[in-house]
Amino acid sequence: MNAIVAPDPAVRNAAAERLAGLATPAGALGRLGELGVWVAATQGQCPPAPLDNVRLVIFAGDHGVAQHGVSAYPPAITPAMVRTFVLGKAGVSALAGAHGVNVRVLDIGVDDDLEGVPADVQAHKVRRGSGAIHVEDALSAEETAAAIEAGRAVAREEIAAGAQLLLSGDMGIGNTTPASAMVAAALGLPAAEVTGRGTGVDDAALEHKQVVVQQALDRAGDRLADPVQTLQAVGSADLAATVGYLLQAAESGVPVLLDGLMSVACALTADRIAPGAAAWFAAGHRSTEPAQSLALEKLGLEPVLDLGLRLGEGSGAVAAVPVVRSAVALLRDVALLADLMPPA
């Protein structure tokens, strides 16, 4: 584990000074100004460079709990959606096309052979499906390590491809259940406070889902004090890979725009493993899941968008990309007030 070096404080100060000196009223740019300063600090330069190379990785996997009444949709949706991403026809595909974001989908733990899908999609596969966390561990210790390393390797590949901003996305029926358990473990909260409706389950299914998450937490017990053991006990292969991806980005000094619950649960876990990682993360949007808002609060992140989205896939992060680019453009291209004033 490499130490996390914070975004450049000297550049952050220079960017804040530049923001204060723009030919705009003090504070008029609001959150856009703050975002521009953050990007400049992560880049180590002021004014910041335009974000021309933005890259999304969608980590796909199935979850044993999906067979136990926690989702409104069947697990067969997961492989079907992986194929849809490959075809470029998913919800996030449309957003990414509109905003110039490169999309890559990876089968980390899909419970399907995905016959006919390009081989590179399955190049980092750890296993078929993860364990049903209320009755068994999601992964073995070896699988957990392999999944984290897979995420790290993918981040290195995306960075080598020139990524200036990384995004993390998810696909996996039932994935809000392990993600909620990961947040509960990190914050020391009971299942009832973190568990939401996911794909839109009714009241009875929500109550059942809360019971399942609490059973998972109780089964894991003291192991939840360790973030890697948390992934093994109550996480999943795709979520562990996402944690590795986020850790590598932070260690490499590349900023990440987070998506919904899965992305933020993994960011919280990454920050538990490597304190300080959160300084490299920004929150793309606020999802409708209570665990996501609780995790964002713990990380000290304010979402860019709040549109009631619960699609997943990385869609909220991609939708926020134009706002982040706007923030960079303002800090970069607006005249300085001092340059407009006639000499005294």
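Residues numbered from 1 in each chain as written. Predicted model: local features only at pLDDT ≥ 70, side-chain atom pairs only at ≥ 80, totals over all residues. Heavy atoms only, no water.

### What about the nonpolar core?
Stated precisely, the cut-off is as follows: To form a nonpolar core, buried Ala, Val, Leu, Ile, Met, Phe, Trp, Tyr and Cys residues must be joined to one another through side-chain atoms within 4.5 Å. Exposure is judged per residue with a 1.4 Å probe applied to protein chains only, and the accessible area is read against the type maximum: over 50% gives exposed, under 20% gives buried, and values in between give partly exposed. Strands are runs of DSSP state E lasting at least two residues, helices are runs of H or I lasting at least four, and both sets are numbered from the N terminus onward. Residues are treated as being in contact if the distance between any of their heavy atoms lies within 4.5 Å.
With 67 residues, the main nonpolar core has Val-183, Val-234, Tyr-245, Leu-246, Leu-258 and Phe-281 as its most contacted residues. In terms of residue count, the dominant contributor to this core is helix α10 (residues 237–252) (10 residues). Non-local contacts of Val-183, meaning those with residues more than four positions away in its chain, are made with Val-194, Leu-261, Ala-265, Leu-268, Ala-291 and Ala-295. In this structure, Ala-60, Met-81, Val-117 and Val-328 belong to the second largest nonpolar core, which totals 37 residues.

### Quick look at helix α12 (residues 290–299)
Where we set the bar: As used here, the arc belongs to the directions running from the helix axis to the C-beta atoms.
Among all positions in α12, only Ala-291, Gln-292, Ala-295, Leu-296 and Leu-299 are buried. Taken around the axis of α12, the buried residues stretch over an arc of 135 degrees, which confines them to a single face. Structural note: α12 exposes Glu-297 and Lys-298 on the side pointing more than 90 degrees away from its buried face. Against α6 (176–187), α7 (191–194), α11 (261–273) and β5 (281–283) lie the buried residues of α12. Positive phi shows up at Gly-300, right after α12, with a value of about 75 degrees.

### Some points on the domain arrangement of the protein chain
The test is simple: Just so you know, the domain bounds were taken from an automatic or database domain assignment. Summed over both partners, the accessible surface that disappears when two parts come together, traced with a 1.4 Å probe, is what is meant by buried area.
Domain assignment breaks the protein chain into domain 1 (9–49 + 329–339) and domain 2 (54–321). Placing a centre on the C-alpha atoms of domain 1 and another on those of domain 2 gives a separation of 32 Å. Taken together, the five residues of domain 1 in the interface contact 11 residues of domain 2. Note on domain 1 versus domain 2: buried area summed over both sides is about 610 Å², and carbon and sulfur give 61% of it.

### A closer look at the pairing of strand β3 (residues 165–171)
What counts is decided by this rule: Being paired, for any two strands, means DSSP has found at least two bridges between them.
Among the seven residues of β3, seven are classified as buried, and the element is accordingly described as predominantly covered. Side chains Leu-165, Leu-167, Gly-169 and Met-171 of β3 all project onto a buried face; the interleaved residues Leu-166, Ser-168 and Asp-170 project onto the opposite face, where all are buried too. Here two bridges tie β3 to strand β4 (residues 256–258), and the two strands are oriented parallel to one another. Within β4, the residue paired with Leu-167 across the bridge is Leu-257.

### Things to note about the side chain of Thr-177
Mapped onto the fold, Thr-177 is located in helix α6. Residue class for Thr-177 comes out buried when judged on its relative accessible area of 0%. Excluding its chain neighbours within four sequence positions, the residues that come into contact with Thr-177 are Val-65, Val-70, Ile-133, Lys-209, Val-212 and Val-213.

### Some thoughts on the sheet that holds β5
As a reminder of what qualifies: Between N-to-C directions, angles span 0 to 180 degrees; the directions come from axes that are lines fitted to C-alpha atoms, helices contributing only their stretch in contact.
An order of β2-β1-β3-β4-β5 is seen for the five strands of this open sheet, with the pairing classed as parallel. Two strands bound the open sheet, and with one partner strand each, they are β2 (101–109) and β5. In this sheet, adjacent strand axes meet at a mean angle of 25 degrees when their direction is disregarded. For strand β1 (residues 54–61) and β3, the ladder comprises seven bridges, and the chain directions are parallel. Along β3, the bridge assignment pairs Val-54 with Leu-165. Strand contacts of helix α5 (residues 141–160): β1, β2 and β3, with the helix running at about 160 degrees to β2, the strand carrying the most contacts.

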